[in-house]
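Residue strings, one per chain:
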Amino acid sequence: MEANRITAPRRGSLRTVIDRVLALGRRADGLPPPSASRSPLEQAVGAVDLLAHVDRKLHFLYVSEASLRFIGYHREYLQTITLHDLVAPADVERLDALLARASATGGVEKTTLDLIKSLTYPVTVELRVVRSSHDGIEGFAIAGFDVSAWRATEARLTHALHHDRLTGLANQSALMPALLDAQQQADAHGTPAALLLLDIDDYQRVNRALGYDAGDEMLRETARRLSNTATQGEKIARVASDEFALLVPTSTTRTYAATAAEALARRLLTAIQQPYVFNGQQVHLSASIGIALYPDVHHANDTVARDNHLLRWADHALLQAKAAGGNTLAFYVPDDNPADAERLKLEADLYDGVRNGEFSLHFQPITSSQSHGVVGVEALIRWLHPVHGMVPPSMFIPLAESVGLINYLGNWVLKIACMQLIQWDTRGIKLQYVAVNVSPQQFRDPRFKDSVREAIELTGIDPRRLVFEITESLLMHDPAHATGLLEELTAMGIRFAVDDFGTGYSSLAYLQRFPLAKLKIDRSFVENLLTSRNDQAIVSAVVGLAQTLDLELVAEGVETEAQRTLLTEMGCDHIQGWLVCKALPSEELAQRFEARTLHLHEAA
């Protein structure tokens, strides 16, 4: 009968096992006789793969039948050896430490080590040991559980977590600890480290021309070329689609590190330039490489995000190489422009702001020109910096777009805006809709549609109460994609408004092409509406256009009663601006309704 196997250790009382061992009769030599049937002890502890008792010198006093089958030794052989002889040489010290702990505490102690099975191969076991006596002989009771399958699974998962599936190279999660360690070594010993970032120039043309299978094969071939070219112990990782990192081991001097990094970079450029072949067709590629050294004399006293320095600097150098036309290398050269330094600091603060919940939503009412009642609100994101106070959206929105945070922030705004509309409903403030700005990056994100559905399902909002404000340039960047996405979301009930209308294309052709519901006249035309005949002519033309296409019209930036009166006379449907109310936090806006400073629009 084969011994039971487990993939993870089962919990139980080793004390109970020992008591049952002591309760059974024993032969004079201390080792139970071979038996064709399982003893009561065997039945009681069958889930234990190794059950034994040893004396202080680790000679075996008792071994179960199942243990013999598990470790693959004859009983007579075990009488000639000690427990030390079964343990892999590398784990002998671990065993001795385990036994020392068990002796000192008197309790059950455990560790994981390798036993040599059948004198041939190691098997990983969790060994549990407690101080005990056997027939009056002091020693240790031992229970072992086979965890080799569990450890193998753990090793596979760990490998998958830290390696790129396509190329087999390390991934960015594996690279980051190595970067941190290299920088710590540089700080401690003054031995500089170098990082190379390699990006294939215009790689997407391969996918477009030959398909993704060709692109994947060339990425695998690139990984092989990098591995063959980097022969001095460099750590190689794939950190993005067609971007690879090579961490050069620490060097004796900064000059030597720079020389070695440049020499490696030039070899890599040459390797990439060799023709690739896919299905018999040759393809010629080139690459750009950014190089950074740590520490950098210009940033010797930096303490913010130290673990990101090498990667950030190498990425900056890579952009310089790309700007130079590609197929070249560039070393990181710090820019001492104070504005750039302040921008980097603000980038770090932006990430901290997201983590620390420093963002909130303010809401600005949109009113009917006729009734002056509120029909909806526009949700506007605000950042309250702990040191600088309120940061203007004109400053942090472009920054969020440049560092890749705009999708996260946009999705957060959408969910919070929907939740707020539902919360107002419970207080009797039932607005027709909430308008949310959608950035071009967010609109082009393949997951945008799923994020919208998630927000709707999470909050239970009627999609017809959602208005997405988009720009003309967003529509014209990729009209085919824009048309398809607008049609899908419009079919769900969501409406679209063109923000800042009049400052971009303002084309009748595109207004007819896309499923739009609203136009928002840019505040620049409202500002001088009373005195500028040109602005009046533009607004009049937009009003006519909206009426012809059956689009609602919203005028932004209305600050005076005279502006509202003229816009109403010209046929503008809705008004938004400080004349009605500035953007306020949700609770303050609710108080305005409850105090009847604002009132809801009542449809005729």
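Residues numbered from 1 in each chain as written. Predicted model: local features only at pLDDT ≥ 70, side-chain atom pairs only at ≥ 80, totals over all residues. Heavy atoms only, no water.

1. Things to note about the environment of Ser402
Among the structural elements, Ser402 can be located in helix H14 (residues 393-403). Taking relative accessible area as the criterion, Ser402 reaches 44% and is therefore assigned partly exposed. Put simply, Ser402 and Gln441 are 39 residues apart on the chain and 9.9 Å apart in space, counted from C-alpha to C-alpha. (Helix = DSSP H or I, 4+ residues; strand = E, 2+ residues; numbered from the N terminus. Buried < 20%, exposed > 50% of the residue type's maximum accessible area, 1.4 Å probe, protein only.)

2. A few points about the pattern of salt bridges
By the definition in use, this model includes 29 salt bridges. Here the salt bridges share partners, and the residues they tie into one network are Glu217, Arg220, Glu221, Arg224 and Arg225. (Salt bridge = Lys/Arg side-chain N within 4 Å of Asp/Glu carboxyl O.)

3. A word on the packing of aromatic side chains
One pass over the full model with this rule turns up ten aromatic pairs. Summarising the aromatic geometry, the rings of Tyr73 and Tyr77 are spaced 5.4 Å apart at their centres and angled 20 degrees between planes, so their arrangement reads as stacked. Accessibility expressed as a relative area gives 8% for Tyr73, which makes it buried. On the numbers, 5.8 Å between centres and 50 degrees between planes, the contact of Phe448 with Phe468 is tilted. (Phe/Tyr/Trp six-rings, centres within 6.5 Å; stacked < 30°, edge-to-face > 60°.)

4. Some details on the side chain of Ser288
Here Ser288 shows up in strand S12 (residues 287-294). Using a relative accessible area of 0% as the deciding quantity, one classes Ser288 as buried. A polar contact of 2.7 Å, which involves the side chain of Ser288, links it to the side chain of Asp201. Among the polar contacts listed, one links the side chain of Ser288 to the backbone nitrogen of Asn327, at a separation of 3.5 Å. (Polar contact = N/O pair within 3.5 Å; in protein donor to acceptor, adjacent residues only side chain to side chain.)

5. Details of the packing of helix H17 (residues 448-459) against helix H19 (residues 479-492)
For the pair H17 and H19, the least separation of the axes is 11 Å and the interaxial angle reads 10 degrees. Between H17 and H19, the angle falls in the class roughly parallel. Regarding H17 and H19, the two cross each other, and that crossing is right-handed. For the pair H17 and H19, contact is made by Phe448, Lys449, Val452, Arg453 and Ile456 and by Leu485, Glu488, Leu489 and Met492, respectively. In terms of residue class, the contact of H17 with H19 is built from six nonpolar, no polar and three charged. (Axes fitted to C-alpha atoms, helices over the stretch in contact; angles between N-to-C directions. Parallel < 35°, antiparallel > 145°, perpendicular 65-115°, else oblique. Left-handed = near helix turned anticlockwise from the far one by under 90°. Contact = heavy atoms within 4.5 Å. Nonpolar A, V, L, I, M, F, W, Y, C, P; charged D, E, K, R; others polar.)

6. So, the sheet that holds strand S7 (residues 193-200)
An order of S6-S8-S9-S7-S12-S13 is seen for the six strands of this open sheet, with the pairing classed as mixed. Edge positions in the sheet fall to strand S6 (170-171) and strand S13 (329-331), since each of these pairs with one other strand and no more. With respect to the sheet, helix H8 (residues 172-189) is in contact with S6, S7, strand S8 (235-240), strand S9 (243-248) and S12, its orientation differing from that of S8 by roughly 130 degrees. Contacts from helix H11 (residues 254-273) reach S7, S9, S12 and S13, with the element oriented near 165 degrees to S12. (Pairing = 2+ DSSP bridges.)

7. Some thoughts on helix H6 (residues 92-105)
Here H6 is 14 residues long and its end C-alpha atoms lie 20 Å apart, about the 20 Å a rise of 1.5 Å per residue gives. Along H6, the residues that are buried comprise Leu95, Leu98, Leu99 and Ala102. In a view along the axis of H6, the buried residues occupy a sector of 95 degrees, so they form one face of it. Exposed residues on H6 whose side chains face more than 90 degrees from its buried face are Glu93, Ala104 and Thr105. Among the structural elements, helix H5 (83-86), strand S3 (109-117), strand S4 (121-134) and strand S5 (137-146) are those in contact with the buried residues of H6. (Expected span 1.5 Å × (residues − 1). Arc of directions from axis to C-beta.)

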